[in-house]
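Given next are the chains, with one letter for each unit.
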Amino acid sequence: MRLFWVLVALASSVLGLVYLQHLGDVHGRHVHWYLVHELVLGLGPMAYLLATTLKQAARRRRVAFILTSALLIIIAAVAEQVAIEHCYWGFDTRIDALTGWTIGDIPLEEFLFYPLFLNLPVLFYLWLDGQVPPHPKAGPTPRWMKLALRGTGATLIASAIGLFVYGHLQTGPALPDTMVPTEHCHATALTYSAGAHQFGWTFVMLAALGAGALLYPKVRDRVDRRRLWVTVVVYFVFVLFVELMGCGRGWWVWNHQQVLGLFTWILPVESYAMYFNGALLPILIYEAIEARLAPGTERAKEGLGFSW
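Residues numbered from 1 in each chain as written. Predicted model: local features only at pLDDT ≥ 70, side-chain atom pairs only at ≥ 80, totals over all residues. Heavy atoms only, no water.

Visitor: Explain the pattern of salt bridges here, please?
Guide: Any two side chains of opposite charge can pair, so long as their charged atoms come close to each other. Scanning the model with the defined rule gives nine salt bridges in all. Note that Asp129 and Arg61 form a salt bridge whose closest N and O atoms lie 3.9 Å from each other. A residue pair is termed long-range when its members are at least 10 positions apart, and Asp129 in the loop between helix H4 (108-127) and helix H5 (143-169) and Arg61 in helix H3 (residues 59-85) qualify at 68 residues. We classify Arg61 as partly exposed; its relative accessible area is 22%. Of the charged contacts, one joins Arg222 and Glu287 as a salt bridge, the two residues approaching to 2.8 Å between their closest N and O atoms. Placement of Arg222 in the loop between helix H6 (200-219) and helix H7 (225-249) and of Glu287 in helix H8 (residues 270-293) is noted, with a sequence separation of 65 residues between them. (Salt bridge = Lys/Arg side-chain N within 4 Å of Asp/Glu carboxyl O. Helix = DSSP H or I, 4+ residues; strand = E, 2+ residues; numbered from the N terminus. Buried < 20%, exposed > 50% of the residue type's maximum accessible area, 1.4 Å probe, protein only.)

What follows is the structure, given as structure tokens:
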């Protein structure tokens, strides 16, 4: 029942922000809505989950979360820097202005997005412990499943590497110094084309999917799959809405040359992989780290040696 009311509160926050945005647009009030969304829909839930989940948690669980969060923030910061430098997407500020504050070359709003939204899946997964009935304890991962997942992961990563090499063999006009979206529209969402068709964001998503497929069999025996998939579904729907809002208001303007170019409504197909990865990978990484922090006897008992 508590889960129901938490989801109601989250949905009410989303709808409330949409209504406030509408009022602001009607009355010509230019608010930094990207930053407001991060504070309300990112920082707010994260603060609640931190207070209710980790305050009384065992030390090993807190340490595992901190290490997971630090690792994800480092990876996301590097990926974001590459994305901005190579113009995977741009920003259209004619509807919603950015604050203008930057950290390096990264706008403050972009810099905050990943620390806030990548922590949510792990915290929500931990919070669900006691909120939903636990999944029956799984037996050892069947060998055929391990082989299938490893084969899938290796294929995805090999495809990502192949796409990376192919993309960087392409040539095209130099990227413009100032990224200004053209009037090429997909359902009123601006996109643009700049540079060679290098599939940069497609490469990142394929590599992330491959990493998830390789990591899942290693932690499957300790993951509560019911909590995992509840988290994936809730987070996917929640953040996909933020993506729709962002593309519609110019927070992210996709460069056709860094994606496959297949769009569903206003979203490139890579968006769906992005938020599936964003929900799944943090939890798998957290479980792997927590397992490594367990005493040696406990790891042996639970089969957590992580050997191939």
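The rest of the description comes next.
Visitor: Mind showing me how you'd approach unusual backbone geometry here?
Guide: Keep in mind that most residues, glycine aside, have a negative phi and that most peptide bonds are trans. Phi at Cys87 takes a positive value of approximately 55°, unusual for a residue other than glycine. Turning to its location among the elements, Cys87 is positioned in the loop between H3 and strand E1 (89-90). Its identity as a non-glycine residue notwithstanding, Phe199 has a phi of 55°, on the positive side. Looking at the element boundaries, Phe199 is found in the loop between strand E5 (189-191) and H6. The class for Phe199 is buried, based on a relative accessible area of 10%.

Visitor: For this particular structure, what's the right way to read the nonpolar core?
Guide: Most often, soluble globular proteins have nonpolar side chains that are buried together. Formed by 67 residues in total, the largest nonpolar core has its most connected members in Trp89, Phe113, Phe117, Trp201, Leu228, Trp252 and Trp254. Those elements that provide at least two residues to this core are helix H1 (2-26), helix H2 (33-54), H3, H4, H6, H7 and H8. For this core, the element with the most residues is H4, which contributes twelve residues. Residue contacts for Trp89: discarding those within four places in its chain leaves Glu80, Ala83, Ile84, Glu110, Tyr114, Tyr192, Trp201, Trp252, Val253, Trp254 and Asn255. Cys87, Leu190, Ala194 and Val253 belong to the second largest nonpolar core, which has five residues in total. (Core = buried A, V, L, I, M, F, W, Y, C linked by side-chain atoms within 4.5 Å. Contact = heavy atoms within 4.5 Å.)

Visitor: Would you mind showing me how to read the confidence of the model for the protein here?
Guide: Predicted coordinates in regions of low pLDDT should not be interpreted in detail. Residues of the protein with pLDDT of at least 70 account for 89%, and the chain-wide mean is 86. Taken element by element, the protein is modelled with least confidence in strand E4 (residues 184-186), mean pLDDT 46, and with most confidence in H6, mean pLDDT 94. In the model, residues 183-187 has pLDDT below 50 throughout and makes 14 contacts with residues more than four positions away in sequence or in other chains. With pLDDT under 50 throughout, residues 300-308 is counted as low confidence; its partners more than four residues away or in other chains account for 17 contacts. (pLDDT = per-residue confidence, 0-100.)

Visitor: What's the story with the packing of H3 against H8 in this structure? I'm lost.
Guide: Packed helix pairs are characterised by how far apart their axes lie and by the angle those axes make with each other. Where H3 meets H8, the closest approach of the two axes is 9 Å, and the angle between their N-to-C directions is 130°. Put simply, H3 runs oblique to H8. Remark: the crossing between H3 and H8 carries right-handed chirality. Residues Arg60, Arg61, Val63, Ala64, Phe65, Leu67, Thr68, Leu71 and Leu72 of H3 pack against Pro282, Ile285, Tyr286, Ile289, Glu290 and Leu293 of H8. Tallied by class, the residues present in the contact of H3 with H8 amount to eleven nonpolar, one polar and three charged. (Axes fitted to C-alpha atoms, helices over the stretch in contact; angles between N-to-C directions. Parallel < 35°, antiparallel > 145°, perpendicular 65-115°, else oblique. Left-handed = near helix turned anticlockwise from the far one by under 90°. Nonpolar A, V, L, I, M, F, W, Y, C, P; charged D, E, K, R; others polar.)

Visitor: Explain the packing of aromatic side chains to me, please; I cannot follow it from the model alone.
Guide: When we look at a pair of aromatic rings, we describe it by the centre distance and by the angle of the planes. Applying the stated criterion across every chain yields a total of 16 aromatic pairs. Between Phe117 and Phe238, the ring centres sit 6.1 Å apart and the planes meet at 25°, which makes this aromatic pair stacked. Of this pair, Phe117 sits in helix H4 while Phe238 sits in helix H7; the two residues are 121 residues apart in sequence, bridging distant segments of the chain. The pair Phe117 / Phe238 is uniform in exposure class, with both members buried. Of the aromatic side chains, those joined through ring pairs into one cluster are Tyr34, Phe113, Tyr114, Phe117, Phe238, Trp251 and Trp252. Here Arg227 stacks its cationic end above the ring of Tyr125, 4.3 Å away from the centre of that ring. (Phe/Tyr/Trp six-rings, centres within 6.5 Å; stacked < 30°, edge-to-face > 60°. Lys NZ or Arg CZ within 6 Å of the ring centre and 35° of its normal.)

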